[in-house]
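An overview of the molecular structure
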Amino acid sequence: MSKNLPTLFSNRLEINYNKHTAYLTDRVKLKSVLPGIVFGLLLVALGFYEWYNSFGGGGTELIPLQDKNALYTPVFAVWFFDLCFVIIGLALFFTNALLFIRYNKYIIRNNNVIIIRRPAFKNKIILQETLDKYSGVRFRMEFMELGFLTQNRYIVELYHKNPKKSIPLYISKSAKNVRLKWKEYAKKFKLPAMIDTDEGLKKIELKNLNKSLADQVSLGFIEDKYDTYEHLPSSVTFVRKKDKMVLKVRKIVWDIYNIIAWIALFIISVASIFVWFNWDAFTGILSTTLYTLSFIALFIVIVSVQVLFRKEKLVIKKHKIVNTHKYMLFSTKHNEMMKKDIEAIEVSENPLTGRYYVSIVSDKKTITFGAKMPIKDLQWIKRFLIHEIIC
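Residues numbered from 1 in each chain as written. Predicted model: local features only at pLDDT ≥ 70, side-chain atom pairs only at ≥ 80, totals over all residues. Heavy atoms only, no water.

**Focus on the overall build of the chain**
Along its length, the chain carries seven helices and 18 strands. The proportion of buried residues among the 391 residues of the chain is 45%. A fraction of 57% describes how many contacts in the chain between residues 6 or more apart in sequence connect residues 24 or more apart. Accessible surface, the chain as shown: approximately 21600 Å² in total, 61% of it carbon and sulfur. (Helix = DSSP H or I, 4+ residues; strand = E, 2+ residues; numbered from the N terminus. Buried < 20%, exposed > 50% of the residue type's maximum accessible area, 1.4 Å probe, protein only. Contact = heavy atoms within 4.5 Å. Areas by Shrake-Rupley, 256 points an atom, 1.4 Å probe, with all protein chains shown as cover.)

**Some words on helix 3 (residues 178-189)**
When the terminal C-alpha atoms of helix 3 are compared, their 17 Å separation across 12 residues agrees well with the 16 Å that a helix rising 1.5 Å per residue should span. Within helix 3 the residues assigned to the buried category are Val178, Arg179, Lys181, Trp182, Lys183, Tyr185, Ala186 and Phe189. Of the residues trailing helix 3, Lys190 is marked for its positive phi of about 55°. (Expected span 1.5 Å × (residues − 1).)

**With respect to the pattern of salt bridges**
As enumerated under the stated definition, the model contains 17 salt bridges in all. Glu230 is the salt-bridge partner of Arg383, the closest N and O atoms lying 2.7 Å from each other. A residue pair is termed long-range when its members are at least 10 positions apart, and Arg383 in helix 7 (residues 375-390) and Glu230 in the loop between helix 4 (213-218) and strand 11 (236-240) qualify at 153 residues. A residue is classified by how much of its surface remains accessible, and Arg383, at 21% relative accessible area, is partly exposed. A salt bridge links Asp341 to Lys340; the nearest nitrogen and oxygen atoms lie 3.3 Å apart. Judged by its relative accessible area of 33%, Asp341 is partly exposed. One salt-bridge network, held together by shared partners, links Arg138, Arg140, Glu142, Arg153, Glu157 and Asp196. (Salt bridge = Lys/Arg side-chain N within 4 Å of Asp/Glu carboxyl O.)

**With respect to the confidence of the model for the chain**
Residues at a pLDDT of 70 or more form 86% of the chain, whose mean pLDDT is 81. The low-confidence segment residues 58-65, where pLDDT is below 50, has 14 contacts with residues more than four positions distant or belonging to other chains. (pLDDT = per-residue confidence, 0-100.)

**Thoughts on the packing of aromatic side chains**
Applying the stated criterion across every chain, the model contains seven aromatic pairs. Between Tyr17 and Phe189, the ring centres sit 4.3 Å apart and the planes meet at 10°, which makes this aromatic pair stacked. Taken together, the residues Tyr17 in the loop between strand 1 (13-14) and strand 2 (21-26) and Phe189 in helix 3 connect sequence positions 172 residues apart. Summarising the burial analysis for this pair, Tyr17 and Phe189 share the class buried. (Phe/Tyr/Trp six-rings, centres within 6.5 Å; stacked < 30°, edge-to-face > 60°.)

**Here we look at the sheet that holds strand 15 (residues 331-338)**
The strand order across the open sheet formed by five strands is 11-12-13-14-15, and the pairing between neighbours is antiparallel. What marks the edges here is a single partner per strand, and that holds for strand 11 and strand 15. This sheet shows a mean twist of 20° between the axes of neighbouring strands, independent of strand direction. Here helix 7 sits on the sheet in contact with strand 11, strand 12 (245-249), strand 13 (311-316) and strand 14 (320-326), set at roughly 165° to strand 12. (Pairing = 2+ DSSP bridges. Axes fitted to C-alpha atoms, helices over the stretch in contact; angles between N-to-C directions.)

**Focus on the environment of Asn350**
Along the chain, the position of Asn350 falls in the loop between strand 16 (342-349) and strand 17 (356-362). Through-space distance from the C-alpha of Asn350 to that of Phe143 is 5.7 Å; in sequence the pair is 207 residues apart. Residues within four places of Asn350 in sequence aside, it is in contact with Glu142, Phe143, Arg355 and Tyr357.

**Considering unusual backbone geometry**
Trans is the prevailing form of peptide bonds, just as negative phi is the prevailing case for residues other than glycine. In this structure, Asn110 takes a positive phi of about 55° despite not being glycine. In this model, Lys190 sits at a positive phi of 55°, which is unusual for a non-glycine residue.

**A short note on a nonpolar patch on the surface**
Taken together, the side chains of Ile273, Trp276, Phe277, Tyr291, Phe295, Leu298 and Ile302 make up a nonpolar region of the molecular surface, amounting to roughly 760 Å² of accessible area. A per-element tally of the nonpolar patch places helix 6 (residues 284-308) first, with four residues. Take Leu298: it is sitting in helix 6. Overall, Leu298 belongs to the partly exposed group, its relative accessible area being 37%. (Patch = residues over 30% accessible without salt bridge, like charges linked within 9 Å, V, L, I, M, F, W, Y side chains within 5 Å.)

**Here we look at the side chain of Gln216**
Relative to the helices and strands, Gln216 resides in helix 4. Of the residues examined, Gln216 reaches a relative accessible area of 9% and is grouped as buried.

**A word on the sheet that holds strand 16**
Read across the sheet, three strands follow the order 16-17-18 without closing on themselves; strand pairing throughout is antiparallel. Of all the strands in the sheet, the pair left with one neighbour each is strand 16 and strand 18 (366-369). Geometrically, the sheet is characterised by an average inter-axis angle of 20° between neighbouring strands, direction not taken into account. Note that strand 16 and strand 17 share seven bridges and pair antiparallel. Counterpart to Ala344 in the pairing with strand 17 is Val361. Running over the sheet, helix 3 touches strand 16, strand 17 and strand 18 and is turned about 90° from strand 16.

Structure follows, in structure tokens:
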């Protein structure tokens, strides 16, 4: 499948199309970047304030109060930490400001489409197209990874073979009702529904969108290809109990995003330990700030380790499928879905990482599973789930 996908900025967006006109702006929300801008400016102000006091007082604040006559030489001069605050603050400010500058605008008037793209460092790009050149309404998911944090972004878009001309219709981080939105826009534009799978871009005619998975198998749209004699994939643990079956990911798979997260956690831990063992070197506002930040850092490390060692599990019961997350100290029920409501099971690609995952979709919910497993193992899971749902 092509990884050449349109660049989208919003995590929550919906176009209002009345069969004649529509207007939409895709950009990062101000409330999302404003905390970073304000916090960045505060860090810059704090750094300059402490820097001024440091040079104004000749650095005397670094001498421990319990022994003012002793000669004390800190590992780092106080101005070094002030400079770090200024640099980090400026980076936060400019990064968030640039995120807000970028935007995409989409205008639909009758059969004409105008797309205006505003990059951060380039001039505006204006594209024009006619509505009849769009071939379908595509539903896809992006599996966003921010270090150890993961979240799905659900996207319904008017598909064009040139990704720069594709138009987002609905974007959300919630799976609730996303398939209903997909159907709604397919009907409005009178185009087939489309979805990215491991076998390429798949088209679904409007008349088949409302059929359950079991109905699609009985009508021959989907085949039950599960082989009971096939070897169990090495990355999956399968347990059959009295009233349920359990599929578990056998081991944790870490990629470059997790490695970056571990490096970040190591740096945070070392910085916190350094602050705790050199507490007497800091006084005033700087001491209070570092004290607060060190405890925040400790909390982040504890939560991060839990997330990094999380495992996924699918519990298949008689009438429903339950998706749970198992952490080091506890487990949580992440999602559940009745078998009769399932309309699709696909192996889809995450364009950000190039990895695949299984998506189980109903009108109102979506379950994702096995985001870092080998594609052959995911295809086995797809065949197995289809077989179990229709039986």
